[in-house]
Amino acid sequence: MARAGLSADRLVAAAAELADEVGFENVTLSALARRFGVKDASLYSHVRNLQDLRTRLALFAGAELIDRIAAAVAGRAGKDALAAFADAYRQYALERPGRYAATQIRIDQALIADSPGMRRTAEITYGMLRAYGLEEPDLTDAVRLLRSTFHGYCALESAGGFGAARDVQASWGKAVDALHITLEHWPREKESR
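Note that the structure is a prediction, hence the values are computed from the model and not measured.

Chemist: Just checking my understanding: could you explain the environment of I107 for this structure?
Modeler: Looking at where I107 falls in the secondary structure, it is placed in the loop between α5 (97-102) and α6 (109-114). For the pair I107 and N26, spaced 81 residues apart in sequence, the C-alpha to C-alpha distance is 19 Å. Not counting chain neighbours up to four residues away, the residues in contact with I107 comprise T55, A58, L59 and I112.

Chemist: How should I be thinking about the nonpolar core in this particular structure?
Modeler: The nonpolar side chains of a soluble globular protein tend to be buried with one another. Residues I69, L82, L129, L134, L146, F150 and L183 are the most contacted members of the largest nonpolar core, which totals 33 residues. Counting only elements with at least two residues in this core, the list comes to α3 (50-73), α4 (78-95), α7 (116-130), α8 (138-158) and α9 (168-184). For this core, the element with the highest residue contribution is α4, accounting for nine residues. In this structure L134 touches L129, L139, A142, L183, W186 and R188, once residues within four positions along its chain are discounted. Membership of the second largest hydrophobic core comes to 24 residues, among which are A14, A16, L32 and V47.

Conventions used here
- Residues numbered from 1 in each chain as written.
- Predicted model: local features only at pLDDT ≥ 70, side-chain atom pairs only at ≥ 80, totals over all residues.
- Heavy atoms only, no water.
- Helix = DSSP H or I, 4+ residues; strand = E, 2+ residues; numbered from the N terminus.
- Contact = heavy atoms within 4.5 Å.
- Core = buried A, V, L, I, M, F, W, Y, C linked by side-chain atoms within 4.5 Å.
- Buried < 20%, exposed > 50% of the residue type's maximum accessible area, 1.4 Å probe, protein only.

Spelled out as structure tokens, the structure:
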């Protein structure tokens, strides 16, 4: 019988808080059980194992992230939408480091297809990029460019990897400007053949 008050949703929300406090890699079933004052076995009525918990956490955090991005880009297009998207992404990564780390794990494609948050992520991201006139396969390539640029910048910034005197925010703005120019002048798949 499940312990009163525990549910998968409560466990995932607590795991998200724990991830931000101690790091995503340090979220364990034992640490979560201690937070609730229960034995590890009590959690297995709600999550299958640690991988299941981490996957649920990744989906939860991904939905949170896209909610922020969606609010930021609403009513915007082109460079304004790109800048709002980028700023919301960066702010989430810096404010919620454990949750953000969860969004970077590989998730089974079937789970992604069943996740409203992941579908919404694709809709919003691809919608923003379509304003640049991109179609597949260029859309996928552009998404990969944005994700790797945003993630790389955020990872370096959070680790203190930018030691030059130049203001980090100013460099971020230049990076977003450069991405906008790149997207405006994207080497279309049809053109490159």
